[in-house]
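So the chains spell out like this:
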Amino acid sequence: MATFFTGTRGTAKTTVARLLAKTLNCDKGPAPEPCNECDACVSITNGSCIDVIEMDAASHRGVADIEEVRKAVGYGPMQFRYKVFIIDEAHQLSSMPKTPF
Ligand SMILES: [Zn+2]
């Protein structure tokens, strides 16, 4: 599943993405309101969750960076229910190379 968040700067797109990761991985979920107390919620809040991978596409925008993501997607979550990739500034990713004809 992929979910895209669009909007101007400072409209909480990344925060909502983290909240979505919590709702999916909360011990008491999947639930619309995460508990904010279980290991999943706490580790997502403090940025230490091994199954929620955040990537800044403004500084990691190359083909090699996305290749790393593609490899990681092939493995299931290590600790919680779902593995979540949050790709911030996705508009900065480089475009596909054009096929020469
Ligand atoms: Zn929780």
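See above for the structure.
Values in this document were obtained by computation on a predicted structure and should not be read as measured data.

Thoughts on helix α1 (residues 13-25)
Inference 1: Taking 1.5 Å of rise per residue, the 13 residues of α1 would be expected to cover 18 Å, and the 19 Å separating its terminal C-alpha atoms lies within 8% of that figure.
Inference 2: Every buried residue of α1 is listed here: T14, A17, A21, K22, T23 and N25.
Inference 3: Check the buried side of α1 and you find it contacts α2 (39-45), β1 (52-56) and β2 (84-88).

Quick word on the environment of E37
Inference 1: Mapped onto the secondary structure, E37 falls in the loop between α1 and α2.
Inference 2: E37 sits eleven residues away from C26 along the chain, and the two C-alpha atoms are 8.8 Å apart.

Observations regarding the coordination of the zinc ion
Inference 1: Coordination sphere of the zinc ion, protein contribution only: C26 (SG), C35 (SG), C38 (SG) and C41 (SG), at 2.3 to 2.4 Å.
Inference 2: Here the donor residues of the zinc ion share one chain and are spaced in sequence as C-x8-C-x2-C-x2-C. Placement of the pair is C26 in the loop between α1 and α2 and C38 in the loop between α1 and α2, with a sequence separation of twelve residues. Comparing C26 with C38 shows no difference in burial state: the two are buried.

Scoring rules and cut-offs
- Residues numbered from 1 in each chain as written.
- Predicted model: local features only at pLDDT ≥ 70, side-chain atom pairs only at ≥ 80, totals over all residues.
- Heavy atoms only, no water.
- Helix = DSSP H or I, 4+ residues; strand = E, 2+ residues; numbered from the N terminus.
- Expected span 1.5 Å × (residues − 1).
- Buried < 20%, exposed > 50% of the residue type's maximum accessible area, 1.4 Å probe, protein only.
- Contact = heavy atoms within 4.5 Å.
- Donors = N, O, S within 2.8 Å, 3.2 Å for Na, K, Ca; no water.

The quantities given are spatial measurements derived from coordinates; they are silent on function.
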